[in-house]
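Here is how the chains run, residue by residue.
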Amino acid sequence: MSSSEHDVGSWAEAVANLHASTAHDPGDIRRAYEAIALVWSAYGFQDAPFEVLQLLVNASEVGYLAALSDIRRGRLDGEIEMWRPDVGER
């Protein structure tokens, strides 16, 4: 399967829109940026065109932001206690 620059541009725009609709809290945006920057700098994949890299970073940040939202809404409370039993002891 071959993809054109137009296809990549359309995907990048869709992910950017998803990012914009997910990113609401400036603190969360900063946390997502910092976390994903660490992941990408350790990964070392820097040779792709900028638009592709931005698409990948935005998509990764969307996942991080969605997870933060789930945590805040209590959707993972049972799992957090399982992963980190010491948290309830504080």
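Residues numbered from 1 in each chain as written. Predicted model: local features only at pLDDT ≥ 70, side-chain atom pairs only at ≥ 80, totals over all residues. Heavy atoms only, no water.

Caption draft 1: Structural view of the overall build of the chain. Secondary structure assignment for the chain yields 4 helices and 0 strands. Along the chain, helices and strands appear, N-terminal first, in the series α-α-α-α. The C-alpha atoms of the chain give a radius of gyration of 16 Å, which is well past the 12 Å a tight globule of 90 residues would have. Seen through its C-alpha atoms, the chain measures out along the principal axes to roughly 55 × 30 × 25 Å. Evaluated residue by residue, the chain yields a buried proportion of 22% over its 90 residues. As displayed, the chain has an accessible area near 6,600 Å², and 58% of this comes from carbon and sulfur atoms. The chain carries 7 positive and 15 negative side-chain charges, and their two centres are separated by 11 Å. (Helix = DSSP H or I, 4+ residues; strand = E, 2+ residues; numbered from the N terminus. Rg over C-alpha atoms; globule rule 2.2 N^0.38 Å. Buried < 20%, exposed > 50% of the residue type's maximum accessible area, 1.4 Å probe, protein only. Areas by Shrake-Rupley, 256 points an atom, 1.4 Å probe, with all protein chains shown as cover. Lys, Arg positive; Asp, Glu negative; His and termini not counted. Charge placed at Lys NZ, Arg CZ, Asp CG, Glu CD.)

Caption draft 2: Representation of the pattern of salt bridges. Enumeration according to the criterion identifies 5 salt bridges in this entry. Ionic pairing is found between arginine 72 and aspartate 28, a salt bridge with its closest N-O pair at 2.5 Å. Taken as a pair, arginine 72 in helix α3 (residues 50–72) and aspartate 28 in helix α2 (residues 26–43) lie far apart in primary sequence, 44 residues in all. Of the residues examined, arginine 72 reaches a relative accessible area of 53% and is grouped as exposed. Two residues, arginine 30 and glutamate 34, come together in a salt bridge whose shortest N-O distance is 3.6 Å. Linking arginine 30 with glutamate 34, this pair stays in helix α2, spanning 4 residues, or about one helical turn. Through salt bridges with shared partners, a single network forms among Asp28, Arg31 and Arg72. (Salt bridge = Lys/Arg side-chain N within 4 Å of Asp/Glu carboxyl O.)

Caption draft 3: Quick look at the environment of aspartate 25. Mapping aspartate 25 onto the fold places it in the loop between α1 (5–22) and α2. Accessibility expressed as a relative area gives 36% for aspartate 25, which makes it partly exposed. Between the C-alpha atom of aspartate 25 and that of leucine 65, which follows or precedes it by 40 residues, the distance is 9.3 Å. Side-chain polar atoms of aspartate 25 contact the backbone nitrogen of aspartate 28, separated by 2.8 Å. (Polar contact = N/O pair within 3.5 Å; in protein donor to acceptor, adjacent residues only side chain to side chain.)

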